[in-house]
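Chain by chain, the residues run as shown.
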Amino acid sequence: MKDKKCIGCGITLQDKDEKSLGYVNDLSKDYCMRCFKLMHYGEYEKKSMTEEYYKKIISSIPKDSIVLYICDILFMNLEPLKDLKNVILVLTKRDTLPKSVKDEKIKNYIKKRYPNVIDIEIVSSINNYNIDNLYNKIISYNKKVYFIGYTNSGKSTLLNKIIKNYSNINTKITTSMYPETTLDKIEIKLDNVVIVDTPGLLNNNSYLNNLEVNRIKRFNIKKEVKPRTFQINNKGSIIIDDMIRIDYNTKSSNSVTIYINNGVKVAKISDKNNMLKQDNKISLKLSKDKDIVIDDICFLKFVNNIDIDLYTKDKLNVRVRDNLI
């Protein structure tokens, strides 16, 4: 008999070991106990899967397949694009980006830097924004289409929206803001195509892998971000919650705009405060055409060139990219 897989996370179901992945007390059930608890009670159980485990799944995708790379529009980690062919970039969570930023500007930003992207769709699963366009594009290929993306990119939420809108299948993939929610490939047959959901790519230095569950919830962005701008002169610091300190030194008048969850505390202080100074430090010389991205937390934009020292309580992934806005 063929192994039965959990339709929530893709792991093979088993009824032998309650502490192992895929456990159910009855093999006739469709969801493993881990998914059931997460979906119904919000109880998250982290599993320490290796980066090699996920890489093996991604490397098993046939080279001639159509790949949808799903990416959070605010943080836009586009590094994997350079290694992908036949890729459609899908930018999710459009509802979190200020409405003043036009879709066409974002698309031109991508096209200029990644000519290997065959198409770009900007969507919101929450508002059903451009979901019809994306679905029509997917079914036009008449073959397997693979969904890949980092944890918390909105990948499984998007797939659930497509299933709900365009099928009669009684299936719901387990979704959450936490890492290691999808554990193996999940295949969904829709019209003339098979959509394959894959486990979220691991960003080892994302706060999602380092913080407690209640702190992860604090930073997760679900609404349109209201940018916060601070005028800065000479020396000083920006404190983000209790986990990030940014010391700046500017010779001329400058300002910084921060795009972050609206409920997170951000403050400007004098440079005499020693909070976080003994923790992880990154020094950067930034030109005015660059953003700082702290993956899954925020991004910052300075008006003029500036030198900064960034201190973090946890080891976080910090990137510099061309200005998005």
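Positions within a chain are numbered from 1, following the residues in the order the chain's sequence is written. The predicted origin of the model limits local features to residues at a pLDDT of at least 70 and limits the giving and counting of side-chain atom pairs to 80 or more, whereas totals for whole chains, interfaces and linings rest on all residues. Each side-chain value is worked out from all heavy atoms of the structure, with water and hydrogens disregarded.

S.K.: How should I be thinking about the overall build of the chain in this particular structure?
M.R.: By the criteria applied, helices consist of DSSP H or I runs no shorter than four residues and strands consist of E runs no shorter than two, each listed in order from the N terminus. Scanning the chain for helices and strands turns up 6 helices and 14 strands. Type-normalised accessible area, obtained with a 1.4 Å probe on protein chains alone, sets the label of each residue: buried when under 20%, exposed when over 50%, and partly exposed for intermediate values. For the chain, with 325 residues in total, the buried portion stands at 53%. Throughout, a residue-residue contact means that at least one pair of heavy atoms, one from each residue, lies within 4.5 Å. Considering only contacts in the chain between residues 6 or more positions apart, those separated by 24 or more positions represent 67%. Note on areas: these come from Shrake-Rupley sampling with a 1.4 Å probe, and a residue is covered only by the protein chains present in the view. Total accessible area on the chain is roughly 16,000 Å²; 47% of this is exposed by carbon and sulfur atoms.

S.K.: When you look at the packing of aromatic side chains in this model, what are you seeing that I'm missing?
M.R.: Any pair of aromatic rings gets described here by the distance separating the centres and the angle formed by the planes. Aromatic rings from Phe, Tyr and Trp, taking only the six-membered ring of Trp, are treated as a pair when their centres fall within 6.5 Å; an angle between ring planes under 30 degrees marks them as stacked, one over 60 as edge-to-face, and anything in between as tilted. Scanning the model with the defined rule gives 2 aromatic pairs in all. Centre to centre, the rings of Tyr135 and Tyr166 are 3.9 Å apart; their planes meet at 5°, and the pair counts as stacked. Taken together, the residues Tyr135 in helix 4 (residues 131-139) and Tyr166 in helix 5 (residues 155-166) connect sequence positions 31 residues apart. Ring centres 4.4 Å apart and planes at 10° place the aromatic pair Tyr259 and Phe299 in the stacked group. Here the residue Tyr259 occupies a position in strand 8 (residues 244-260), and Phe299 occupies one in strand 12 (residues 298-302), the gap between them amounting to 40 residues. Under the relative-accessibility criterion, Tyr259 is labelled buried at 7%. In this scheme, Lys NZ or Arg CZ marks a charge over a ring once it lies within 6 Å of the ring centre and within 35 degrees of the ring normal. For Arg321, the ring lying beneath its charged end belongs to Phe299, and the centroid distance is 4.5 Å.

S.K.: Explain the nonpolar core here, please?
M.R.: If you look at soluble globular proteins, the nonpolar side chains tend to sit buried side by side. Put simply, buried Ala, Val, Leu, Ile, Met, Phe, Trp, Tyr and Cys residues joined by side-chain atoms within 4.5 Å make one nonpolar core. Counting 35 residues, the largest nonpolar core has Tyr69, Met76, Leu78, Leu89 and Ile106 as its most contacted members. For this core, the elements supplying multiple residues, two or more each, are strand 1 (66-72), strand 2 (87-92), helix 3 (103-113), strand 3 (117-122), strand 4 (145-149) and strand 6 (193-197). Contact partners of Ile106, with chain neighbours within four places excluded, come to Ile73, Met76, Leu91, Leu97, Val101, Ile122 and Leu324.

S.K.: Explanation requested: the pattern of salt bridges in the structure shown.
M.R.: Where charged atoms from two side chains of opposite charge come close, those side chains can pair. In what follows, salt bridge is the name for a side-chain nitrogen of Lys or Arg lying within 4 Å of a carboxyl oxygen of Asp or Glu. Within the structure shown, the criterion is met by 16 salt bridges. When the shortest N-O distance is used, the salt bridge between Asp322 and Arg113 registers 2.8 Å. In this pair, Asp322 is assigned in strand 14 (residues 318-322) and Arg113 in helix 3, connecting sequence segments 209 residues apart. According to the relative accessible area criterion, Asp322 is partly exposed, its value standing at 25%. By relative accessible area, which is 29% here, Arg113 ends up partly exposed. A network of salt bridges, in which partner residues are shared, links Arg113, Lys290 and Asp322.

S.K.: Teacher, can you tell me more about empty space enclosed by the protein here?
M.R.: Definitions used for this entry: grid spacing 1 Å over protein atoms alone; cavity, a set of points where a 1.4 Å probe fits but cannot get out; pocket, an open set with protein on both sides within 12 Å along at least 5 of 7 lines; lining residue, one with an atom within 4 Å of a point. Grid points are joined across faces, edges and corners, and a volume is the space filled by probe spheres set on the points. Per the stated rule, a full pass over the model turns up 2 cavities of 30 Å³ or more. The space that makes up the second largest cavity amounts to roughly 70 Å³. In this structure, the second largest cavity is lined by 11 residues; those nearest its centre are Asp72, Phe75, Asn152, Asn220 and Ile221. Under the grouping applied here, Gly and all other residues not named as nonpolar or charged are polar, the nonpolar ones being Ala, Val, Leu, Ile, Met, Phe, Trp, Tyr, Cys and Pro and the charged ones Asp, Glu, Lys and Arg. Broken down by class, the residue content of the lining of the second largest cavity amounts to 5 nonpolar, 3 polar and 3 charged.

S.K.: Just checking my understanding: could you explain the pairing of strand 1 for this structure?
M.R.: In summary, the side chains of a regular strand alternate between the two faces of the sheet. Of all 7 residues making up strand 1, 7 are buried, and the element is well covered by its neighbours. Sheet analysis places strand 1 next to strand 4, joined by 5 bridges and oriented parallel. The residue bridging Tyr69 from the neighbouring strand is Ile148, located in strand 4. By this definition, two strands are paired if DSSP reports at least two bridges between them. Relative to strand 2, strand 1 is paired through 6 bridges, and the arrangement is parallel. Opposite Tyr69, over in strand 2, you have Leu89 as the bridge partner.

S.K.: Mind showing me how you'd approach the environment of Ala267 here?
M.R.: When you line up the elements, Ala267 lands in strand 9 (residues 266-269). Judged by its relative accessible area of 33%, Ala267 is partly exposed. Considering only alpha carbons, one finds Ala267 and Asp241, 26 residues apart in sequence, at a separation of 8.3 Å. Sequence-distant contacts of Ala267, that is, excluding residues within four places in its chain, are made with Ser237, Ile238 and Ile239.

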